[in-house]
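Structure at a glance
What follows is the residue order along each chain.
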Amino acid sequence: MQINFASIEMPENGAVVFLVEKDTPFSGLAAEADAATSGALGKARGVSRFTGASGQTLDLVAPSGLSVERILLVGLGDQTDKSETKWVELGAKITASLASSGSKQASVIVDADSAIALGVAEGALLRSYRFDKYRTKEPETKKPTLASVSVLTSRPQECSEMFAARARVADGVFHTRDLISEPANILNPESFAEDIKSLAALGVDVEVLGETEMKKLGMGALLGVGQGSAFESQLVIMRWNGAAKDDQPISFVGKGVTFDTGGISLKPGPGMEQMKWDMGGAGTVVGLMKALAGRKAKVNVVATVGLVENMPSSTAQRPGDVVTSMSGQTIEILNTDAEGRLVLADAMWYTQDRFKPRFMIDLATLTGAIITSLGHEHAGMFTDSDELSRQLADAGSSTGDKVWRMPLHANYDKLIDCPTADMKNIGGSAAGSITAAQFLKRYTNDVPWVHLDIAGTVWSEKDLPLSEKGGTGFGVRLLDRFVADNYES
Ligand code: BES
Ligand code: MN
Ligand code: ZN
């Protein structure tokens, strides 16, 4: 989708979008359009139930008296809600309404401050994503037509300049959605690592460790998960240096299980196809690095993703196996389906050991239990740091990628103690997301750390305000904003 900004004048073709305040008469260009169409706009409003309530739309096709293809009225609701997410969702609503309308181009009149114009533009762009590369027989008449949106505002120049960075963040979101949508016969640990190398074009330093190197480092936890797969497990390290050389980096770590069958502790069949997006944490971290590098963020960042496939096979690890992690801590594998924490244990230990980051934030589709707790609205956030927690919660409210803090406590930690090894990889039936987080905490080496359990938010079975059914890109805008607001010099 092409997005541009232009100054306010009555468009002559394509679709025109007017934002209409609730129960308020038309003003500006909308009033002019109403006059030019001999009151058709007002009449349409009167005979329909369009009040201007937030998110309401009314589509007037081929209005006589004007040369434009259609006029779309979009409700703004009342003036009390001034949140940023409102404008982004409004922009998204415009794309969703016009995507397959037949119109190729739309002009949105935003006669308000630049922040609103930017939000509308961002939403329009984010909602335009579609993963349709494997649909070869879709009829032309069903395909989207809308290819460009012009936001008409009083400061088009300023808006275009400011929008450039947001467009780079959208690139990151789209890359994450691509990775999440890609099936596991295409995206495996090796092809995933190959894909990440494309970030080098943006100035990201990409390093790939294979099984030989990981064996030397003693990464028995990560390697155990991948040992039943025909693909080689990979650890990919991305570095973006946008600040002074001696600036301590911040770090992100992602779970990248390209397919999670459960291993020998095999998952039930129904719904198992969803486990293609068990690499969502890694996918988000890659999209985030693309966003940060794309907009040349003034920060040093290290990101590590552990890429493995969890398969049952004659070489797969068994329940009862004991593995030794890079940290030296041993783990009894009681359930091969609790594999994400094993991958993260080594990826996190490696990240803090080699890079001494200021803090570590891991992202993982770690537990089904977080969906029981929080559904699909908030990601679960686990941390001992009130400061990081507040910063992330704030970035969550601004971007709409919401997080909700969950507890950590020594009493939960006890639940993974084990007589056979230093710990077991499951905690029992209670508090599944928390015991998983407690497990990870044992691999932080006391570096300030946040765990985001994104199992409920990376994929959506229904259309959402900012994305169609499928990969959401959750976390990219959250963490980009978190970095921009708190860690750029
Ligand atoms: N990848 C799953 C978690 C998951 C489940 C993500 C559903 C998205 C949707 C993870 O590896 C897993 O299997 N977790 C187990 C842990 C259990 C064996 C302790 C779970 O949540 O059931
Ligand atoms: Mn699993
Ligand atoms: Zn998993």
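A brief look at the structure comes next. (Residues numbered from 1 in each chain as written. Chains lettered and ligands numbered in written order. Predicted model: local features only at pLDDT ≥ 70, side-chain atom pairs only at ≥ 80, totals over all residues. Heavy atoms only, no water.)

Time to look at the site of ligand 1. In the neighbourhood of ligand 1, 17 residues make up the surrounding shell, with K267, D278, D337, E339 and G368 lying closest. At 2.9 Å, a side-chain N or O of D260 approaches an oxygen atom of ligand 1. In this structure, E339 approaches ligand 1 through a side-chain N or O atom, which is 2.7 Å from an oxygen atom. The fraction of the free accessible surface of ligand 1 (520 Å²) that becomes covered by protein chains is 78%. Split by residue class, the shell around ligand 1 holds six nonpolar, four polar and seven charged. (Near = heavy atom within 4 Å. Polar contact = N/O pair within 3.5 Å; in protein donor to acceptor, adjacent residues only side chain to side chain. Areas by Shrake-Rupley, 256 points an atom, 1.4 Å probe, with all protein chains shown as cover. Nonpolar A, V, L, I, M, F, W, Y, C, P; charged D, E, K, R; others polar.)

Here the focus is empty space enclosed by the protein. One simple way to see leftover space: roll a probe sized like a water molecule over the atoms. Tallied over the entire structure, the rule returns one cavity of 30 Å³ or more. Roughly 30 Å³ of internal volume is contained in the largest cavity. Surrounding the largest cavity, G224, V225, Q227, G228, G263, I264, N310, M311, A316, Q317 and T336 form its lining. Each residue belonging to the lining of the largest cavity can be placed in one class, and the counts come to four nonpolar, seven polar and no charged. (1 Å grid on protein atoms, 1.4 Å probe; cavity = no way out; pocket = protein on both sides within 12 Å on 5 of 7 lines; lining within 4 Å. Points joined across faces, edges and corners; volume = space filled by probe spheres on them.)

Time to look at the sheet that holds strand β15 (residues 403-406). With mixed pairing, the eight strands of this open sheet are ordered in space as β7-β8-β10-β9-β13-β17-β14-β15. Unpaired on one side and paired on the other, β7 (205-209) and β15 mark the two borders of the sheet. Here the average twist between neighbouring strands, direction ignored, is 20°. Strand direction decides the pairing type here: strand β8 (residues 234-241) and strand β10 (residues 300-310), joined by eight bridges, are antiparallel. Of the residues in β10, the one forming a bridge with N241 is N300. Across the sheet, helix α9 (residues 280-294) is in contact with β8, β9 (250-260), β10 and β13 (360-364); its angle to β9 comes to roughly 135°. Against the sheet, helix α12 (residues 386-399) contacts β13, β14 (379-383), β15 and β17 (449-453), and its axis sits at roughly 155° relative to β15. (Pairing = 2+ DSSP bridges. Helix = DSSP H or I, 4+ residues; strand = E, 2+ residues; numbered from the N terminus. Axes fitted to C-alpha atoms, helices over the stretch in contact; angles between N-to-C directions. Contact = heavy atoms within 4.5 Å.)

Take it as geometry only, folks, not as evidence of what the structure does.
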